[in-house]
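Residues per chain, in single letters:
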Amino acid sequence: MSQKQNKTTLQILLEILFTSTKLGLTSFGGPVAHLAYFKDEYIDRRKWLNDKTYADLIALCQFLPGPASSQVGISIGILRGGILGGITSFIGFTLPSVIVLVVFALLYQNFSLADAGFIHSLKVVAAAVVLHALIGLGQKLTPDKSRKAIAIVAALVMLLYPSAWIQIVIILAAGLLGLSWFKDKAESNIEPFAVNISKKTGILSLTILGISLVSLPIITSVVNNSLLNIFDIFFRVGSLVFGGGHVVLPMIERELVPVGLLSPDEFLAGYGMAQAVPGPLFTFSSYLGTMMEGVAGAVVATIGIFLPSFLLIIGALPFLSELRKRASFQGILMGVNASVVGILLAAFYDPVVKSSIFDGADFALGTILFALLNIWKVPAWLIVILGVLGGYLLNLLGF
């Protein structure tokens, strides 16, 4: 920390920007891999934090809706350089994948990529990646019969009544069950840590989040503006998605595809492409925004889905370290996390499998890709390349 005291604010911000951009260009493999990259760069190499503080930050961000790895990166930026440091850290880590996905969306629209063979291969890749994420989440978040039951019921309800609002009801109900069932399983050795954000600032940030969630749907019902509608959708999703990037798939799909803003093929092609780029999976929103309203739509969608993460981190850091010690709060989160597994299970069937696995060749390719991910731990970006090559090979062989 003494090195930090000898630097100006500008030098600190430039250092954060350089380091986070380096991570944004190289951090392939999803949120768990991102956290490993962060540890290597921020803690082991640069020693901006110690291991205990880093572990506490990860725990805090796991409790919040939104992309956990992005929130950890924002938190490190805030601890290093204040709120401006958090914004700088976010820009560096996120911008590379935003640019790639916007360019991909423009190419998709202007060069009829919907008919390209590799687009279907990307959908098969998406099926393999979602299944891999589902198994990993299930093992971590539903270790006992009670939480498995919550996940199964959540999946059944989502399959029978697919809508974004039903997902919210499921999450709330699971939280109440968790409060009743799991508070006795809470950990007792959680230690708080100090942060440099006042409780007054935290309350203001959470107030802005709450007012925005209530007012945006009202405003969009009165004002007919496509960009405002996009912001409302992605802000709401970013505020309510528990479980990270893969769980954003079903919630956004329910908001966009049934109402005709995107086709299922357009949606899944972008999701498959999002696996090929480093950085947070939530930049999938940049692709979706571009498909709907061009570059302006990408900017609005990206800000919309990530802004709640900033407001939540700023609002939670002054309070959440104390809440973490409470058994009742831990119980609520156990129930919520179990419901996330069920929501993802429902999404794996519809839209993922229904829109990607059409015959035995698709199933065989998806099985191979899944095995490479789950057994041999091949990184997701390489799975994308192998999936596209495998699709072309099957096509050449007449399958």
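All figures in this text were calculated on a predicted structure; none of them were measured in a lab. (Residues numbered from 1 in each chain as written. Predicted model: local features only at pLDDT ≥ 70, side-chain atom pairs only at ≥ 80, totals over all residues. Heavy atoms only, no water.)

Trainee: Would you mind going over the overall build of the chain in detail, with residue names and values included?
Mentor: Summing up its helical and strand segments, the chain has 16 helices and zero strands in all. Against the compact-globule benchmark of 21 Å for 399 residues, the chain has a radius of gyration of 21 Å, which places it among compact chains. A total of 399 residues make up the chain; the buried ones form 54% of that total. If you take every contact in the chain between residues at least 6 apart in sequence, the share linking residues at least 24 apart comes to 75%. Total accessible area on the chain stands at roughly 17,600 Å², and carbon and sulfur atoms take up 68% of it. (Helix = DSSP H or I, 4+ residues; strand = E, 2+ residues; numbered from the N terminus. Rg over C-alpha atoms; globule rule 2.2 N^0.38 Å. Buried < 20%, exposed > 50% of the residue type's maximum accessible area, 1.4 Å probe, protein only. Contact = heavy atoms within 4.5 Å. Areas by Shrake-Rupley, 256 points an atom, 1.4 Å probe, with all protein chains shown as cover.)

Trainee: Any details on the pattern of salt bridges? Residues and values, ideally.
Mentor: Scanning all chains against the criterion turns up 14 salt bridges. A salt bridge links Arg80 to Glu15; its shortest N-O distance comes to 3.1 Å. Linking Arg80 in helix H5 (residues 68-110) with Glu15 in helix H2 (residues 9-26), this pair joins segments that are 65 residues apart in sequence. Comparing Arg80 with Glu15, the two get one shared label, buried. Salt-bridge contacts for Asp44 lead to Lys39; the nearest nitrogen and oxygen are separated by 3.2 Å. One network of salt bridges, in which partners are shared, links Glu15, Lys22, Asp40, Glu41, Arg45, Arg46 and Arg80. (Salt bridge = Lys/Arg side-chain N within 4 Å of Asp/Glu carboxyl O.)

Trainee: Any details on unusual backbone geometry? Residues and values, ideally.
Mentor: Although it is not a glycine, Lys47 sits at a positive phi angle of roughly 55°. Along the chain, Lys47 falls in the loop between helix H3 (31-45) and helix H4 (51-62). Residue Lys47 is classed as exposed on the basis of its relative accessible area, which comes to 60%. With a phi angle near 55°, Lys377 is a residue other than glycine that sits in the positive phi range. Residue position: Lys377 is located in the loop between helix H15 (360-374) and helix H16 (380-396).

Trainee: Hey, could you go over the environment of Thr19 for me, with residue numbers and the actual values?
Mentor: Here Thr19 lies in helix H2. Overall, Thr19 belongs to the buried group, its relative accessible area being 0%. Once the C-alpha coordinates of Thr19 and Arg46 are considered, the two residues, 27 residues apart in sequence, prove to be 9.5 Å apart. With near-sequence residues (within four places) excluded, Thr19 lies in contact with Glu41, Tyr42, Arg46 and Trp48.

Trainee: Could you give an account of the nonpolar core, naming the residues involved and the relevant values?
Mentor: Among the nonpolar cores identified, the biggest contains 99 residues, and Phe234, Ile252, Tyr287 and Leu288 are the most heavily contacted of them. By residue number, the principal contributor to this core is helix H13 (residues 284-323), which donates 17 residues. Counting residues in hydrophobic clusters, the runner-up holds seven residues, among them Ile171, Val336, Ile343 and Ala346. (Core = buried A, V, L, I, M, F, W, Y, C linked by side-chain atoms within 4.5 Å.)

Trainee: How would you summarise the side chain of Thr302 if you had to cite specific residues and measurements?
Mentor: By the secondary structure assignment, Thr302 is in helix H13. With a relative accessible area of 10%, Thr302 lands in the buried category.

Trainee: Report on H15, specifying residues and quantitative values.
Mentor: Since the α-helix advances by 3.6 residues per turn, residues separated by three or four positions end up pointing in the same direction. The end-to-end C-alpha separation of H15 is 21 Å, in line with the 21 Å expected for 15 residues at 1.5 Å each. A distance of 3.1 Å separates the backbone nitrogen of Ala361 from a side-chain oxygen at the start of H15, and that oxygen is part of Asp359. (Expected span 1.5 Å × (residues − 1). Polar contact = N/O pair within 3.5 Å; in protein donor to acceptor, adjacent residues only side chain to side chain.)

Trainee: Lay out the UniProt feature "transmembrane region" (unreviewed entry) in the chain in plain terms, naming residues and giving numbers.
Mentor: Residues annotated by UniProt as "transmembrane region" (unreviewed entry) correspond here to residues 90-111, 117-137, 149-182, 202-221, 233-252, 295-320, 332-349 and 380-398. Between the end C-alpha atoms of residues 295-320 there is a gap of 36 Å, over a span that is 100% helix and 0% strand. As annotated, residues 332-349 has a helix share of 100% and a strand share of 0%, and its two end C-alpha atoms lie 27 Å apart. (UniProt positions renumbered as here; feature names shortened; annotations may be inferred.)

Trainee: Could you give an account of the side chain of Ser27, naming the residues involved and the relevant values?
Mentor: Inspection of the secondary structure puts Ser27 in the loop between H2 and H3. For Ser27, a relative accessible area of 0% gives the class buried.

Trainee: Can you break down the packing of aromatic side chains residue by residue, with the values?
Mentor: If you walk through the whole model with that rule in mind, you get 13 aromatic pairs. On the numbers, 5.5 Å between centres and 50° between planes, the contact of Phe38 with Tyr42 is tilted. Taken together, the positions of Phe38 and Tyr42, both in helix H3 and four residues apart, correspond to about one turn of that helix. An angle of 10° between the planes, with centres 6.1 Å apart, marks the rings of Phe284 and Tyr287 as stacked. You can see Phe284 and its partner Tyr287 sitting in helix H13, three residues apart, about one turn around the helix. For Phe284, a relative accessible area of 1% translates into the label buried. Across the ring face of Phe182, the terminal group of Arg147 is positioned such that the distance to the ring centre comes to 5.2 Å. (Phe/Tyr/Trp six-rings, centres within 6.5 Å; stacked < 30°, edge-to-face > 60°. Lys NZ or Arg CZ within 6 Å of the ring centre and 35° of its normal.)

Trainee: Go over helix H14 (residues 327-353) with me, naming the residues and quoting the values.
Mentor: Taking 1.5 Å of rise per residue, the 27 residues of H14 would be expected to cover 39 Å, and the 38 Å separating its terminal C-alpha atoms lies within 8% of that figure. Remark: the principal bend of H14, roughly 30°, maps to Ala347, with a proline, Pro351, within the next four residues. Counting buried residues in H14 gives 20 out of 27 residues, a clear majority hidden from the surface. (Bend = angle between axes of the 7 residues up to and from the residue.)

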